[in-house]
Amino acid sequence: MSEASVTVTLPDGSQKQTAAGTPIGDFVRDSIGAGLAKAAVLARANGAFVDLSQKLDRDTKLEIFTTKAPEALETIRHDAAHIVADAVQRLFPGTQVTIGPSIENGFYYDFDRGQPFTEEDLAKIEVEANRIIAADIPFARTEVSPDEAIKLFSDKGEKFKVEIIQDIVGKGATVLSLYRHGDWIDFCEGPHGPSTGRVGVIKILSSSAAYWRGDHRNKTLQRIYGTAFFDKKGLDAWLKQREEAEKRDHRRLGKDLDLFHFHPFAPGSAFWTPKGTAIYTVLSSYMRHLALSNGYVEIKTPLLYNKGLWEISGHWGKYKENMFLVEDSEAKAAGDPDPHHFSLKPMNCPSHHIYYSFRKQSYRDLPLRLHTQDVLHRNEAAGSLGGLTRVRQFAQDDAHIYCREDQIAEEVKSFVKLLDHVYNAVGLKYSAKFATRPPQRIGDDAMWDRAEGSLKAALDALGLAYELKPGDGAFYGPKIDFDVSDSIGRKWQLGTVQLDYAAPERFDLTYVGEDGKPHRPVVLHRAIYGSFERFIAILIEHFAGAFPVWLAPLQVAIVTVTDRVNDHARKVMDRLAAVGVRVTFDDSNGTMQAKVREASLQKIPYTIVIGDKEVASDSVSVRTFGAAEQQKMETMPFDAFAERLVREAKYP
RNA sequence: GCUGGCGUAGCUCAACUGGUAGAGCACCUGACUUGUAAUCAGGAGGUCGCGGGUUCGAGUCCCACCGCCAGCUCCA
């Protein structure tokens, strides 16, 4: 049989011939270069990621990923998951494997084991995993039939693997791939790197419980988190970066900068210090200013409601466990078995719907945009609370827009513009997610087509990049969520805009159209900060506590050279306060140096030093936080400084 | 809510295998009156998260509860 040849097209467009059946790795080494072959981890052949051992049996568009490519790092982290699973089964026989994907900064693997892993176990696992790396065992892919695969894992007693395989077979798979390194074998789609040695180093990070298939009714598994890099240098750099990020943690800075506290008597509800309250208030006023100048009206509504409201809204059935119920003492005295007739509101929408119905609305009133910053309570699961990002008491910069269907696109557009303005003002990078109709939903397909169409039209008109999340929408309508990351890379949802066709039905909301007949409005739920608490947490981390002047809880610290000038300093403080500047003057016993240091540690934007010279000329010596050394200090007339402060304190 | 870890002064931490709690910073008082990141001296401050138990004796061991942290579930 004569050797057929295939054409390989490389990313630069060049073409090479090679014998059919040549493994990609060999082709790279022989036809491109030994250096590339050595650095190669995986390839993309005609659009699909494949192993380097894959044979070139037809004309192929080929891309090679080396250790420099993010795709390669992701692949060796997946390799690392296999290696860790191998290590665990070597060290703890009888442990069953389940799944082990690579994730954003590493990988995890879930195991079924009678007991959790201890610190010592994890240390042993890390050593064993790195030993497997040192052994440099090749990864080999084989393809088998479903029967073979099921038999293989049944014989090993790997029940979870069998379940996964049966599932995938049930979805129509006929050929399954296995990956082996040495004696250890896993059911896995791949691709993988060439050998365990290509994974430079594995670091075990933590362990925790996880539910089988993410369902809390299922068995609890033991999850091991880890990460992997091509070399120790990469790992060390990442660990260093992680350490730096942890210093920005808002819980840490909340203490250091004295912004808020928590107490065991009110888990999940913050106590705000004067400084924290200043940030809260500035953000609140800023949002009020934006809302009122963008066609919203602000209203305040009750915090406590009779359950009748929640029965209409549907919360009583679906959301009751998350609401704080309040007992009606009269009902209780009368022998009512369940006297919890009231609840603190967990969201503003039902209050707004009631407000809407207080008068007969006309098409001329639409869009009606109701803004509210009331306090909300949600009884979150104890284990999910954490810092300011997940709390039980919070306020949203909430608004509901009641409009006609043909007004949706325009309303969404101007909302996203406003959100973009706010996020840009504080320098937050966000990513948008467009969530469409879920399997469980209300309304017919025509309605969903229109709803999703309106949102998409708005997104396209704005030219905003977004990720599509099919099936992730609320049961009552599609939505766009806006996420940002905290200092250690966890993603949090802040802003959102959701279309709601259900609420107007449930609350029987109508407006009188031009035809004089009643019509159903559509409601848009929307928030920019999301919750003040979470937004502030993100801002603290984003600015590492060094807020811009307009947001800084204290904008100016006054330090005197000698207490001879303290009276003058007090006057300076009063004059600044009179023009709205948030200023502090520490007249306690202590040196100027120590006070300058303290102001700096508190990350106050400006520290002004006053001595005899400044008193004589009514000037201030200004020290700017974070400024370069040569422009750190500057003496200027008081009026010029005050004017600068007022200017910089303006809303962005 | 689930799994694991943790809980000592306002903060950051120490206290050998159970022997009866200590430091730095912060705070208070006094001295110093100083020119841009820590002046010196003295003082006060803790029923070791809460409640039981084991023990001659518990911050150290056991149980239950509360809270915090990581992850899971859920979610702004």
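Residues numbered from 1 in each chain as written. Chains lettered and ligands numbered in written order. Predicted model: local features only at pLDDT ≥ 70, side-chain atom pairs only at ≥ 80, totals over all residues. Heavy atoms only, no water.

K.L.:
Would you mind going over the overall build of chain A in detail, with residue names and values included?
P.N.:
Counting its secondary structure elements, chain A contains 21 helices and 37 strands. The dimensions of chain A, computed from C-alpha atoms along their principal axes, are 95 × 75 × 60 Å. Counting across all 652 residues of chain A, residues that qualify as buried make up 48%. Sequence separation of 24 or more characterises 67% of the internal contacts of chain A that already satisfy a separation of 6 or more. (Helix = DSSP H or I, 4+ residues; strand = E, 2+ residues; numbered from the N terminus. Buried < 20%, exposed > 50% of the residue type's maximum accessible area, 1.4 Å probe, protein only. Contact = heavy atoms within 4.5 Å.)

K.L.:
Can you lay out the sheet that holds strand β31 (residues 518-519) for me, pointing to particular residues and giving the numbers?
P.N.:
In space, the three strands of this open sheet follow the order β22-β30-β31, with mixed pairing throughout. What marks the edges here is a single partner per strand, and that holds for β22 (361-362) and β31. (Pairing = 2+ DSSP bridges.)

K.L.:
So what's going on with the sheet that holds strand β13 (residues 184-187)? Which residues, and what values?
P.N.:
Reading across from one edge, β11-β12-β13 is the order of the three strands in this open sheet, with antiparallel pairing throughout. Edge positions in the sheet fall to β11 (139-144) and β13, since each of these pairs with one other strand and no more. For this sheet, the mean angle separating the axes of adjacent strands, direction not counted, is 25°. By the bridge criterion, six bridges tie β11 to strand β12 (residues 176-181) in an arrangement that is antiparallel. Across the sheet, Arg-141 pairs through a bridge with Tyr-179, a residue of β12. Across the sheet, helix α3 (residues 70-91) lies against β11, β12 and β13, angled at about 125° from β13, the strand it touches most. Running over the sheet, helix α6 (residues 159-170) touches β12 and β13 and is turned about 35° from β13. (Axes fitted to C-alpha atoms, helices over the stretch in contact; angles between N-to-C directions.)

K.L.:
I'd like to hear about the nonpolar core, residue by residue, with values.
P.N.:
One broad rule of soluble globular proteins: the nonpolar side chains tend to lie buried together. One finds Leu-283, Tyr-423, Phe-482, Phe-535 and Leu-551 to be the most contacted residues of the largest nonpolar core, which totals 62 residues. The element that contributes the greatest number of residues to this core is helix α14 (residues 408-426), accounting for nine residues. Listed in part, the 33 residues of the second largest apolar core include Ala-72, Val-84, Phe-111 and Ala-129. (Core = buried A, V, L, I, M, F, W, Y, C linked by side-chain atoms within 4.5 Å.)

K.L.:
Before we move on, could you go through the side chain of His-82 and cite the residues and values that matter?
P.N.:
Along the chain, the position of His-82 falls in helix α3. The buried category is assigned to His-82, whose relative accessible area is 1%. When residues no more than four places from it in sequence are discounted, the contact partners of His-82 are Phe-139, Tyr-179, His-181, Trp-184, Asp-186, Cys-188 and His-192.

K.L.:
Residues and numbers for the protein's contact with RNA strand B, please.
P.N.:
Taken together, 57 residues form the shell around RNA strand B, and within it Arg-390, Arg-597, Glu-614, Ser-621 and Arg-623 come nearest. Among all atoms of RNA strand B positioned within 4 Å of the protein, those belonging to sugar or phosphate total 49%. Within the side chain of Lys-255, an N or O atom sits 3.5 Å from a phosphate oxygen of RNA strand B. At a separation of 2.5 Å, a base nitrogen of RNA strand B approaches a polar side-chain atom of Arg-597. (Near = heavy atom within 4 Å. Polar contact = N/O pair within 3.5 Å; in protein donor to acceptor, adjacent residues only side chain to side chain.)

K.L.:
Just give me the short version of the domain arrangement of chain A, but keep the residues and values in it.
P.N.:
Assigned domains within chain A: domain 1 (5-66), domain 2 (71-245), domain 3 (261-303 + 345-542) and domain 4 (556-648). Computed from C-alpha atoms alone, the centre-to-centre distance between domain 1 and domain 3 is 50 Å. (Domains from an automatic or database assignment.)

K.L.:
So what's going on with the pattern of salt bridges? Which residues, and what values?
P.N.:
Overall, the coordinates contain 47 salt bridges when judged by the stated rule. Here Glu-244 ties to Lys-247 by a salt bridge, and the two come within 3.1 Å at their closest N and O atoms. Of this pair, Glu-244 and Lys-247 both sit in helix α7 (residues 232-247), three residues apart, which is roughly one turn of that helix. We note a salt bridge from Arg-251 to Asp-249, for which the minimum N-O separation is 2.6 Å. The network of salt bridges with common partners includes Asp-86, Arg-90, Glu-128 and Arg-131. (Salt bridge = Lys/Arg side-chain N within 4 Å of Asp/Glu carboxyl O.)

K.L.:
Go over helix α18 (residues 566-578), please, and point to the residues and values.
P.N.:
When the terminal C-alpha atoms of α18 are compared, their 18 Å separation across 13 residues agrees well with the 18 Å that a helix rising 1.5 Å per residue should span. Against β33 (556-560), β34 (583-585), β35 (606-610), α20 (612-617) and α21 (638-648) lie the buried residues of α18. Positioned one or two residues after α18, Gly-580 has a phi angle of 90°, which is positive. (Expected span 1.5 Å × (residues − 1).)

K.L.:
Give me the lowdown on the side chain of Gln-96, citing residues and values where you can.
P.N.:
In this fold, Gln-96 is placed in strand β8 (residues 96-97). For Gln-96, a relative accessible area of 12% puts it in the buried group. Those residues within four positions of Gln-96 in sequence are excluded, and the remaining contacts are Gln-89, Asp-110, Phe-111, Asp-112, Gly-157, Glu-158, Lys-159 and Phe-160.

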